[in-house]
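An overview of the molecular structure
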Amino acid sequence: MAKAYERIADELREAIRSGRLGPGDRLPAETDMAARYRRSVPTVREALRLLQDEGLIEKQHGRGNFVRKPRTRVLRTNLRHQWEKNRAREPEQERLQTGATEHDTGLRVNDLVFHASYGEAKADKSLAEAFGVAEGTALVERVYRTRYAVETAPFALVSSYLIRDMVAENPDLLDETKEPWPGGTQNQLLTLGIELDRIEERVTARPPTPEEAEELELPPGTSVIVLRKISYDTDDRAAEISDVTLPGDRTELLFTTHLERW
């Protein structure tokens, strides 16, 4: 037999799924629900906790509990890399029209809020091994955040790394004010005569850190997808490495593999 808090959660869940309670609607106060269901406030809070863990509602401190608005979903496919490579050599006016985020979300440039910050970093063991350089090698660290203008959480947390000595001949690649760069990283590398040959992506999942959960506005219990992307040039050098943290509740990864015919 279902417990009292489970029955309350079932009724509220059905109201949300049927549309009687819509995205952004405020739920009755906990004391009012306790009176309605003839249960204690702690029992009501346990029911609300279930719905919050499922990502159906969110608690806004000082305001109450609200039906969670669905976030914009991102479809990230491995076909995006060839699309980016083709785009890298297009005229600047063409490159200004759209970028990878628009490609993955179906949104337009004017729908997005973009932020980039550059800094210096030293290659730790993991990055040094991936780049094939000594630990402590000077890197350019680029931190990117892009969000839908009507939302407050970014689509992903991105840290991108370049070997400083490799890119320093073009000062624009050390200047965060040049972002967003039309054509993205592949066009940036093209200014140095670097053509990418292949991109390797390693995907894992884990619980978020408290900082990640807060910035991505994740419901409790939601995992993050962690992607390390290594871009190799035609000389088999790692030219760029990105660490991307994606929210597990609104990211879909699609990999299409074309097979040679017999």
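A brief structural summary. For every chain, the first residue of its written sequence is number 1, and the numbers climb from 1 along that sequence. Note on the predicted model: pLDDT of at least 70 is required for a residue's local features to be given, and 80 or more for side-chain atom pairs to be given and counted; whole-chain, interface and lining totals, by contrast, use all residues. To get the side-chain values, take all heavy atoms of the structure and skip hydrogens and water.

Section: unusual backbone geometry
Put simply, the rule is: To qualify as a helix, a DSSP run of H or I must reach at least 4 residues; to qualify as a strand, a run of E must reach at least 2; elements of each kind are numbered from the N terminus.
A cis amide bond, omega -5°, links E179 with the succeeding residue P180. Within the fold, P180 resides in the loop between helix 8 (164–167) and helix 9 (184–190). For E217, which is not a glycine, the phi torsion comes out positive at approximately 55°. Phi is positive for D236, which is not a glycine, with a value near 65°. If you trace the backbone, D236 turns up in the loop between strand 8 (224–233) and strand 9 (238–247).

Things to note about the side chain of S242
Heads up, the rule is: Within 3.5 Å is the distance limit for a polar contact, defined as a pair of N or O atoms, with the added protein rule that one can donate a hydrogen and the other accept it, and that residues adjacent in sequence qualify only through two side-chain atoms. Residue contacts follow a heavy-atom distance rule, with two residues in contact if any of their heavy atoms lie within 4.5 Å.
With respect to the element layout, S242 can be found in strand 9. At 2.4 Å, the side chain of S242 and the side chain of E240 are in polar contact. The contacts of S242, once residues within four sequence positions are left out, are S159, S160, L227, R228 and K229.

Notes on the packing of helix 1 (residues 4–18) against helix 3 (residues 41–53)
This is how it is decided: Only the stretch in contact is used when a helix axis is fitted, and all axes are lines through C-alpha atoms; the angle between N-to-C directions ranges over 0 to 180 degrees. Angles below 35 degrees are treated as roughly parallel, those above 145 as roughly antiparallel, those between 65 and 115 as roughly perpendicular, and all remaining angles as oblique. Take the far helix as your reference; a near helix turned counterclockwise from it by less than a right angle gives a left-handed crossing, and one turned clockwise gives a right-handed crossing. Under the convention adopted here, Pro, Cys and the residues Ala, Val, Leu, Ile, Met, Phe, Trp and Tyr are nonpolar, Asp, Glu, Lys and Arg are charged, and Gly plus all remaining residues are polar.
Running from N to C, helix 1 and helix 3 point in directions that differ by 50°, and their axes come no closer than 8 Å. By the angle between their directions, the pair helix 1 and helix 3 is classed as oblique. For the crossing formed where helix 1 meets helix 3, the hand is right-handed. On the side of helix 1, the interface is formed by A4, Y5, E6, I8, A9, L12 and R13, while helix 3 contributes T43, V44, E46, A47, L48, L50 and L51. When its residues are assigned to classes, the contact of helix 1 with helix 3 shows ten nonpolar, one polar and three charged.

Interpretation note: all reported values are geometric properties and have no functional meaning in isolation.
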